[in-house]
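Reading the structure
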Amino acid sequence: MSCIAVVSPRSVPAVEGGNERHWRTLAAALRAAGHTVDLVELDSPESTLAEVLSSYRRFVQLDLDDYDVVISGKYPSFMVNHRRHIRHLNHLLRGLYDRYDESLGRTLPESLGREISARADDPSALLDWAEARVEANPDHPLHCFPGPFSRAVVHALDLCGRRDLAAEAAVSEVVALRNDYVDPERPVAIVPPLGDLVDHDDSTTEIVPTTAHPTTAHPTTVCPVTFVSFGRLDAIKRFDLIIRAFASARLPGAELIISGEGPQAGSLQALADRTPGVRMVGRLSDQELRATIAAARAVVLAPIDEDFGLVAAEAMALGCPVITTTDSGGIAEQVEHETSGLIAAPHVLTLGRAIRRAGRDHQGMEAMGRNGRDTVAQRTWQPMLQLVDQMSNEQRKPRLLILSTFAAEPVRHGGHKRLRGLATALTAEFDVVVLALVNTHSGSRRRRLTGGVEQLTIGRSGAHLRADFRLKALLDTPVDDIACHLLWPASPTYADALAGELDRADVVMLAHPYLVTSLPDDLAVPLIYDAHNVEQDLKSATLEGRPGASRLLQAVLEAETAAIDRAGLISFTSASDGIRLSQLGAAQTIEATNGIDASTPRTEVERLQARRRFFEDQGVADRSLPVAVFMGSNHVPNREAASRICTWASQVPSVHFVIAGGVEIPNSATSGANLTLVGPFASGAERRLLAMADVALNPVASGSGTNLKVLDALAIGVPVLTTDVGARGIDDVSGVHVCPIDDFVERLAEMADGHPLPPPTPDELARFSWPQIAQPLATAIRQRLPLFPKSEPAPYDPSRD
Amino acid sequence: MARAQRPLLTAARQSAPAATVRRRLEDVRTTKLIRSVGDADLAVDRIIDEALGEAGTSDAS
C-alpha cells in the first residue's frame, strides 16, 4: 500500500464546488483501498497575473518526496515535482486556453518569446523572471491579464508541469481533446469523477417488487411536472437560456426550479419574475437538493463546454434524466440521447422542444432516468486505483503492437470484445498498444483503457470514409474492414502513426488480416496473426452474390493469405478454425478461444428485477411469458437469425421474443404482443437484458470463429439454444443446447410448456476466462522474443534425469 | 435528373441526420457509377481508385 498525496488548489475565497468534491471522493476511495492519503490544498488566488504566478510558485516549491505517489489535477497543482506523479486533469487556466479572448492577440515581441523559451525547461527560473518583470512594471500593457504575455508564460509553465508525469488521466474525453491540454504522445485514461451527493453503493440497490402491478406505483396524473436546474448562477451556465426555453415549451402547470447563488442572481430573478412557472430558490442543502431532483421530471443543464459536469452525474445517480445542449461538453458526453436523457441544440426553441417532450412523456423519461442511474452506478474510482498500482511496477515489459480496423473500446460487437479481452489479458506479460484505424472522422486519440491497454485510434480520412459509404451502398452491407486492405493508404495519418509505433514495438499482432500490407516487407520484429475467424470462409458466406463481391472477396483472400504467410505464429478460436487455417498454409498455430471477463451468475432476485425493469421500460402487457433473448450486431448471419426469430414469434405465442443490439430487423417486423425489438441499447445494459432471459437464442446458420454472445449468456448463468454453427468451440458446456434451426420452434414451445432448459454450471466456465486463455499465447509469443526472456532458465539438475 | 432529385434531397436534409443524408447521396452516386461503368466489380475498383487518388496516394495502390 502506498502513501499518497492528493494535491489540489484552493480557490480564494474558498468555494465548495465540483472540484472540491472530486478530490474529497478520490481521497476517500484511495483510503478505502488501503492507501494512506493526505489531501494537500494550497491557496491559489488568480485574479491578477502576479497572483497566478505566485500560485504556480507555491506548487513548484512544494516538497512531496516523502510520499510514494502524488496525484494532482487542476492547474497549477500539477507543477509539483515527483517521480510517481499522476495528473487527473479537469482543466487548465481556461481564460488562457480554450476561453482565451483572441482579440487580445497571441503575438509577443520576439525578444520576449526568446526569454521565455530560454527558461522553458526550468519553471523556477521562468517564474523568477516573469515575476520580476511584472513587479517592475505592473501597468505595462503587455502584462494585462489575460493577455499574450500571461498566456505565453502560463503555457510554458504548464508544458513544464506535464513533461515528467508518470501517468495522465482526464475527467472526460472533452477535456482530453482540448487544444494543448495533454501531451498527444502520452496515453490518457478517461476517468469520470464521482460526486458524493449520492452514496453510490446505495444507488445500485433496487427495490424488489412487492406489488403485482408495479406501474401503479407511478401515477402520471397527480404529480406536477417539475424541472430542476442548479449550479453557480453565472453567465457560462446559461440559466437565462434554460428559463426562456422552459417558457417556449408552454407546459401548463409545469414548474422550473432554479437553485444556486452567483453573480447573475439578480438578473435571473428578474427574468424568472416575468416567466410563469419559474421559481428561484437560492442555495439548497444537499438533502433538499436530493429531494428536489428525485421528484423532478428532468434536470436541465446548459453550460458552455463543461469539463465534466458533476451535477449531471449526481442527477443521473438519483434516477433523474438530464436534458442538455450539444455544446455542454462533459455533460453531453455523459448523456446518451434518448437513452439517459435528451440532447438539444443550444437554442431557445430546440431546448424548449426537448423540455416539452419530457413534460409530455412521463414513462419515457422514467425509463431514461433508470438508464442514467445504471450508467453512473457502474462508475468507480477503479481506473485511478489501477494507475496508482501501476506506479509500483516499473519493470519494462516487451511492447506488443496490435493492429486493428476497429478499436477495443467502446465495445459494440464480438470483435471488440475479443480484442479488448485478449489485449487486456496480455498486459500481464506485455505493454500492449492497440493501433486502430477506426471508421470515424475522429482524428488521433491516445488513451489508456481500464485494464492497462494503450489504445491509439486513428480516424479515417474523408476520402477513405466516403469510399466506405459507397462500398456499403454498393454491396448493401458494411465492408469497411475488408476495404482497409485496399484503402489504408488513403488515410496517411495511419501510416505515420504505424511508423512511429513500429520503432518502439518488440512484437506485432494483427487482429484480423486487413492491415497486413501496411507493414513493411522487412519487418524487424516477430509478427503474430490473431485469426478471429477464417475470413475467406466467413466473408464468402456473407458476401457471395452481392454486386462487387468478387472484388472484395479477392481482397479477403489476398489479406488472409499474406497474414498466414508472414506470421510466425497464428492464434485461432476453435478447433475447426485451426484445421482450416492449417489447410490454408498456417504452420505455427496455437488455440486461443474466445473468453469472458468473469463468470458472475445472476441471482433469482436479479432475474426478477431485470424482467420487471424490461417490461416497464418496454410497456409489455403480458408479463407472464418466458423470455427468449437474441443479441447481435449487424453481421449478416445475425440479420438472418433475427429474421427467423421474427417469424417464430407468430408461431410460438407462448414465448416473449426479444431482439437487441445493432442487428437490422426485416422491414416487415414490428414489436408486437410477444416480440420486442429493443435496437441498440445503453452501454452497460447488456447484463440486464440477458439476466432476465429464460433462454438466449443463437440461431445462426453461418459464420466462423466462436460466438461470444453464447459465452456472455453462459457467464450470467443463462442457458443457450443454438445451432451447431453457433456453438463452435463451446458445444461441450452443459448450458449449451444444440439443435437444428428447424427444431427451434418445437424446443421453445416445450420450454414454455414447463420444460425449462438447464443452465450452465459455473465451474465449467473457468477455462473461458481471458487470463487463462491468453497465458499459453503469451508464453508462445515470449519464446519468439530473444531480447525478453520471461525468466532465467532453471539450472541443470542431474537428479531429475 | 439532378433537378428532379433536388426537392427530395432537400426534404431529406430537413428530416434526417446528416449521416443519413450523406449515405443517401452516396447511394445515388453509387447507382450512377455502376450504370456508368456497367459492372459492379469495376465500380469497386473505381471507388477505391478515386479514394486513393483523392488522398494523393494513388501510387501507393
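1. A word on the overall build of chain A
If you tally the helices and strands in chain A, you get 28 helices and 26 strands. In terms of overall size, chain A behaves like a compact globule, its C-alpha atoms giving a radius of gyration of 29 Å where 801 residues would be expected to give roughly 28 Å. The C-alpha extent of chain A, read off along each of the three principal axes, is 85 × 80 × 60 Å. Residues counted as buried form 48% of the 801 residues belonging to chain A. Within chain A, counting contacts between residues at least 6 apart in sequence, those at least 24 apart form 67% of the total.

2. Comments concerning the interface of chain A and chain B
The extent of an interface is frequently quoted as the accessible surface area lost upon association of the parts. Each partner contributes residues to the interface: chain A has 20 residues there, and chain B has 20 residues. Of all the secondary-structure elements, those providing two or more residues to the side of chain A that touches chain B are α17 (462-475), α18 (480-487) and α21 (549-566) of chain A. No other element matches α17(A), which puts nine residues into the side of chain A that touches chain B. For the side of chain A that touches chain B, the per-class residue count stands at 13 nonpolar, four polar and three charged.

3. Brief notes about the pairing of strand β14 (residues 431-438) of chain A
Residue and element names in this part refer to chain A. Counted residue by residue, β14 has six buried out of eight residues, so it is predominantly covered. For strand β13 (residues 399-404) and β14, the ladder comprises six bridges, and the chain directions are parallel. Across the sheet, residue L401 finds its bridge partner in β14, namely V433. In this view, the connection linking β13 to its parallel neighbour β14 by way of helix α16 (residues 414-426) has right-handed handedness. Strand direction decides the pairing type here: β14 and strand β16 (residues 454-459), joined by six bridges, are parallel. Across the sheet, residue V434 finds its bridge partner in β16, namely Q455.

4. What to know about the packing of helix α20 (residues 535-543) of chain A against α21(A)
How two helices pack is summed up by the angle between their axes together with the distance between the axes. Residue and element names in this part refer to chain A. Close contact between α20 and α21 brings their axes to 9 Å; oriented N to C, the two are set at 170°. Between α20 and α21, the angle falls in the class roughly antiparallel. Of the residues in α21, those in contact with E535, Q536, K539, S540 and L543 of α20 are A549, L552, L553, V556, L557 and E560. Of the residues assigned to the contact of α20 with α21, the class counts are six nonpolar, two polar and three charged.

5. Thoughts on helix α1 (residues 18-32) of chain A
Residues and elements named next belong to chain A. For α1, built from 15 residues, the straight-helix expectation of 21 Å at 1.5 Å per residue is met to within 8% by its first-to-last C-alpha distance of 21 Å. Tucked inside the fold, the buried residues of α1 contact β1 (3-10), β2 (36-43), α11 (310-317) and α15 (382-391). Looking at the residues trailing α1, positive phi occurs at G34, about 100°.

About the thresholds
- Each chain has its residues counted from 1, running along the sequence as written.
- A letter from A marks each chain and a number from 1 marks each ligand, given out in the order of writing.
- Totals for whole chains, interfaces and linings use all residues, but because this is a predicted model, local features are given only for residues with pLDDT of at least 70 and pairs of side-chain atoms are given and counted only at 80 or more.
- In DSSP terms, a helix is any run of H or I states spanning at least four residues, a strand is any run of E spanning at least two, and both are numbered starting from the N terminus.
- The reference for a compact globule is 2.2 Å times residues^0.38; the radius of gyration itself is calculated from the C-alpha atoms.
- In this scheme the burial state of a residue depends on its C-beta neighbours within 10 Å: 20 or more other such atoms mean buried, 12 or fewer mean exposed, and anything in between means partly exposed; the C-beta positions come from the backbone.
- Note that contacts rest on C-beta atoms placed from the backbone: two residues are in contact if these are within 7 Å.
- Side-chain classes are defined by residue name, with Ala, Val, Leu, Ile, Met, Phe, Trp, Tyr, Cys and Pro counting as nonpolar, Asp, Glu, Lys and Arg as charged, and the others, Gly among them, as polar.
- Here, any two strands with at least 2 DSSP bridges between them count as paired.
- If you view a crossover with the strands going away from you and the path from the first strand over the helix to the second runs clockwise, you call it right-handed.
- Axis definition: a line fitted to C-alpha atoms, over the contacting stretch in the case of helices. Angles run 0 to 180 degrees between N-to-C directions.
- Oblique is the label for every angle not falling under 35 degrees (roughly parallel), over 145 degrees (roughly antiparallel), or within 65 to 115 degrees (roughly perpendicular).
- Take the residue count of a helix, subtract one, and multiply by 1.5 Å to get its expected span.

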